[in-house]
Amino acid sequence: MQITACGEEEGVAQVSYDERMAPTDSESSQHEGSAIEWEFMYTFAMTKGTQTELENKAQHAFISYLSRATGHTFKLVNMIDNADIAEQLGNDEVHFALLDTSSLLPGMSQYGVQPIVKAIDAEHKGDIQAFFVALAGSPLKEMSDIKGKVLALGAKNSLRSGLIPLVSLASNGILLSGLEQLKYAGSEKNCINALLDNTADVCGVSAAFASTYLQNNQVKLLGMSDYYPAYSIASNLYVEESVKQSVVDALLQLGRVSHLFSLSGSVVPSDFAVIAPLDYEALNEAFIQSEIRHLEN
């Protein structure tokens, strides 16, 4: 059965929406004196993005699929950025959302946001990974050589050049106390510049940012982090478990039917997998610790 997208404006709330939708007065009057049956509507938030016609169709097709596959009614809510979405999830103003990992982590620690499935890519094209690099002529050869050296990272709260490198160090048995110095350069570009200026021995940045410097043979690769999903579907604390499970089941099947409608040109992933506790546990702990250090400073 082919699933088609709704009209461009149908079912979209751009600014405000009811927290809990109840029957209208007209609906009540039609059933006066009898039991009223009404359908609860779940809100699903995504970033507004570029809002091209293709992206609009993809987002509506996704919501349409979710409604049909779960038997529940979903309403698309477009918002400006992921940080606002995480906050509104925490406030029970939206029920489900597609969140990038950078916003998911503060959402988990500050608002109790619950990731339920993660986006997957067979070739990891949409995943996040950090690289540890040194100057091309450096005597350092592998991750273990980072011990006792000056390590530069990007910003403390950066997922790609802050949190993921820290988690990767821990997984490789490299303690921060075992470094000569850990310095935050403030950005990925400044992190690479610290290498080029010889003020750091190693730099931890995103794989995407390091690629140009590797291709130009300015730096060499010492090691890399695990892959982390760029996007996840999350729910708030108040959604019924049965509803969450129906959403999970539908999303795990999406990869098998997504060929029936196009999700290309949109932030909406086309394939999802279940979330294991370790998928975000270490990253969330690193985020919490970075927030603690920020408050202490």
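Refer to the structure presented above.
On a predicted model such as this, the values are computed, not experimentally measured, just so you know.

1. Here's the deal with the packing of helix H2 (residues 53–70) against helix H8 (residues 241–257)
How two helices pack is summed up by the angle between their axes together with the distance between the axes.
And step 1. Contact pair H2 / H8: the axes reach a minimum separation of 9 Å and the direction vectors enclose 120°. The pairing of H2 with H8 is recorded here as oblique in orientation. In the crossing of H2 with H8, the sense of the turn from one axis to the other is right-handed. Mapping the contact onto sequence places Phe 62, Tyr 65, Leu 66, Ala 69 and Thr 70 in H2 and Ser 246, Val 247, Ala 250, Leu 251, Gln 253, Leu 254 and Val 257 in H8.
And step 2. Classifying every residue of the contact of H2 with H8 by side-chain character gives nine nonpolar, three polar and no charged.

2. Re the nonpolar core
And step 1. Grouped together as the largest cluster of nonpolar side chains are 29 residues, with contacts concentrated most on Phe 44, Phe 62, Phe 96 and Ile 233.
And step 2. Breaking this core down by element, the ones donating at least two residues are strand E2 (41–47), H2, strand E3 (73–79), strand E4 (96–100), strand E5 (114–119) and H8.
And step 3. Core analysis: the next-biggest nonpolar cluster, separate from the first, contains 25 residues, Val 77, Met 79, Leu 104 and Leu 163 among them.

3. Overview of the sheet that holds strand E9 (residues 202–206)
Pairing between the strands of a sheet comes from backbone hydrogen bonds, and it takes one of two forms, parallel or antiparallel.
And step 1. With mixed pairing, the five strands of this open sheet are ordered in space as E8-E7-E9-E6-E10. Two strands lie at the open edges of the sheet, namely strand E8 (181–184) and strand E10 (219–224), each paired on one side alone. Taken over all neighbouring pairs, the strand axes of this sheet differ in orientation by 30° on average, direction set aside.
And step 2. When strand E6 (residues 130–135) meets E9, the two strands line up antiparallel, connected through four bridges. Considered in E9, the bridge of Val 133 is made with Cys 203.
And step 3. On the sheet, helix H6 (residues 188–196) packs against E6, strand E7 (150–153), E9 and E10 and is oriented at approximately 155° with respect to E9.

4. Focus: the side chain of Lys 244
And step 1. By the element assignment, Lys 244 lies in helix H8.
And step 2. Since its relative accessible area comes to 5%, Lys 244 is described here as buried.
And step 3. For Lys 244, the contacting residues outside a window of four places in its chain are Phe 96, Gln 114, Ser 235, Asn 236, Leu 237 and Val 239.

5. A look at the pattern of salt bridges
And step 1. Per the counting criterion, the structure on display carries three salt bridges.
And step 2. Note that Glu 53 is salt-bridged to Lys 57, the shortest N-O span being 3.2 Å. Of this pair, Glu 53 and Lys 57 both sit in helix H2, four residues apart, roughly one helical turn.

Calculation rules
- Residues numbered from 1 in each chain as written.
- Predicted model: local features only at pLDDT ≥ 70, side-chain atom pairs only at ≥ 80, totals over all residues.
- Heavy atoms only, no water.
- Axes fitted to C-alpha atoms, helices over the stretch in contact; angles between N-to-C directions.
- Helix = DSSP H or I, 4+ residues; strand = E, 2+ residues; numbered from the N terminus.
- Parallel < 35°, antiparallel > 145°, perpendicular 65-115°, else oblique.
- Left-handed = near helix turned anticlockwise from the far one by under 90°.
- Contact = heavy atoms within 4.5 Å.
- Nonpolar A, V, L, I, M, F, W, Y, C, P; charged D, E, K, R; others polar.
- Core = buried A, V, L, I, M, F, W, Y, C linked by side-chain atoms within 4.5 Å.
- Buried < 20%, exposed > 50% of the residue type's maximum accessible area, 1.4 Å probe, protein only.
- Pairing = 2+ DSSP bridges.
- Salt bridge = Lys/Arg side-chain N within 4 Å of Asp/Glu carboxyl O.

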